[in-house]
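Single-letter residue listing:
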Amino acid sequence: MTEVTRQESAREGEGVDFDRDGEAVSQFVERFAADMTEAGMQRMGARVFAALLASDSGKLTAAEIAELLRISPAAVSGAVRYLAQLNLITREREPGTRRDQYRLYNEVWYEAVSSRDQILTRWQHTMRDGAKVLGPHTPAGARAIKTAEFYEFMQKELVEMLARWRAHAEGVRQEAPRVGEQKTG
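Residues numbered from 1 in each chain as written. Predicted model: local features only at pLDDT ≥ 70, side-chain atom pairs only at ≥ 80, totals over all residues. Heavy atoms only, no water.

Within the protein chain, the regular secondary structure consists of seven helices and three strands. The secondary structure elements of the protein chain, listed N-terminal to C-terminal, are α-α-α-β-α-α-β-β-α-α. Classification of the 185 residues of the protein chain by burial places 32% in the buried group. Put simply, 57% of the contacts in the protein chain that link residues at least 6 apart link residues at least 24 apart. Of the roughly 12200 Å² that the protein chain leaves accessible, carbon and sulfur atoms contribute 53%. (Helix = DSSP H or I, 4+ residues; strand = E, 2+ residues; numbered from the N terminus. Buried < 20%, exposed > 50% of the residue type's maximum accessible area, 1.4 Å probe, protein only. Contact = heavy atoms within 4.5 Å. Areas by Shrake-Rupley, 256 points an atom, 1.4 Å probe, with all protein chains shown as cover.)

Structural data, given as structure tokens:
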């Protein structure tokens, strides 16, 4: 376990000592980052995101990220800016200090996916406008209309899926034991 991971666990683990193999955690971070990079995410952003996800608190300072991933402060700066633009993380000031911390949203995947609703709306409008410009009876115009219909369908499904997720997550939350507790029965 790296010093950063130890400090972070002590700071956020509320007295729980999570004994982890630092090398295995590092391998997980790199593997998940590689998966996200393969899916189209910027490489350094993927590594920083995976490191934040693997931290118990879901938040780290730029110095902690740099030490954990063995990267330069400039690389951290670019990665956190990229992740903030994607609405995957937020920057907050540690009370009483000048140090910024980068934190995952509480429900990072929910937040990331729900923000896509606005993007789908914008794309849908752009495609409908494009269809008018291209001519709705031309092959290009027909493709634009089909694309707009796809985005409209995706948006409707996304809203319904997120509502189903909320209901599912609430049910799981009521059944699951808290960290450090053991499930009875």
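Back to the write-up after that little detour.
Attention shifts here to helix α2 (residues 22-38). Between its first and last C-alpha, α2 extends 24 Å over 17 residues, near the 24 Å set by a 1.5 Å rise per residue. Of the residues making up α2, those classed as buried are Gly22, Val29, Ala33 and Met36. The arc that holds the buried residues of α2, viewed along the axis, is 60 degrees, so those residues lie on one side. Exposed side of α2, more than 90 degrees from the buried face: Arg31 and Glu38 are the residues found there. Lining the buried residues of α2 we find α3 (43-54), α4 (62-69) and α6 (108-134). The opening residue of α2 is aspartate 21, an N-cap whose side-chain oxygen sits 3.0 Å from the backbone nitrogen of glutamate 23. One or two steps after α2, the chain reaches glycine 40, where phi turns positive at roughly 115 degrees. (Expected span 1.5 Å × (residues − 1). Arc of directions from axis to C-beta. Polar contact = N/O pair within 3.5 Å; in protein donor to acceptor, adjacent residues only side chain to side chain.)

Checked against the element boundaries, glutamine 155 lands in helix α7 (residues 139-175). Exposure remark for glutamine 155: the relative accessible area of 16% places this residue in the buried category. Ignoring sequence-local partners within four residues, the contact set of glutamine 155 consists of Asp117, Leu120, Thr121 and Gln124.

Between α2 and α3, whose axes approach to 8 Å, the crossing angle comes to 135 degrees. Relative to α3, α2 is oriented oblique. For the pair α2 and α3, the crossing hand works out as right-handed. Counting all contacts with α2, which are made through Val25, Phe28, Val29, Glu30, Phe32, Ala33, Met36 and Thr37, the residues of α3 involved are Arg43, Ala46, Arg47, Phe49, Ala50, Ala51, Leu53 and Ala54. (Axes fitted to C-alpha atoms, helices over the stretch in contact; angles between N-to-C directions. Parallel < 35°, antiparallel > 145°, perpendicular 65-115°, else oblique. Left-handed = near helix turned anticlockwise from the far one by under 90°.)

One open sheet holds the three strands; their spatial order is β1-β3-β2, and the pairing between them is antiparallel. With partners counted over all chains shown, the strands left at the sheet margins are β1 (59-61) and β2 (89-93), one partner each. This sheet shows a mean twist of 30 degrees between the axes of neighbouring strands, independent of strand direction. Bridge count between β1 and strand β3 (residues 100-104): three bridges; the pairing is antiparallel. Counterpart to lysine 59 in the pairing with β3 is arginine 103. α3 contacts β1, β2 and β3 of the sheet and is inclined by roughly 80 degrees relative to β3. Across the sheet, α4 is in contact with β1 and β3; its angle to β1 comes to roughly 90 degrees. (Pairing = 2+ DSSP bridges.)

Our focus in this paragraph is the pairing of β3. β3 sits mainly inside the fold: four of its five residues count as buried. As judged from the five bridges shared by β2 and β3, these two strands associate in the antiparallel manner. Across the sheet, isoleucine 89 pairs through a bridge with leucine 104, a residue of β3. In this structure, the hairpin formed by β2 and β3 is closed by a connection of six residues, where glycine 96 is found at a positive phi of approximately 80 degrees.

What is shown is where atoms sit, not what they do.
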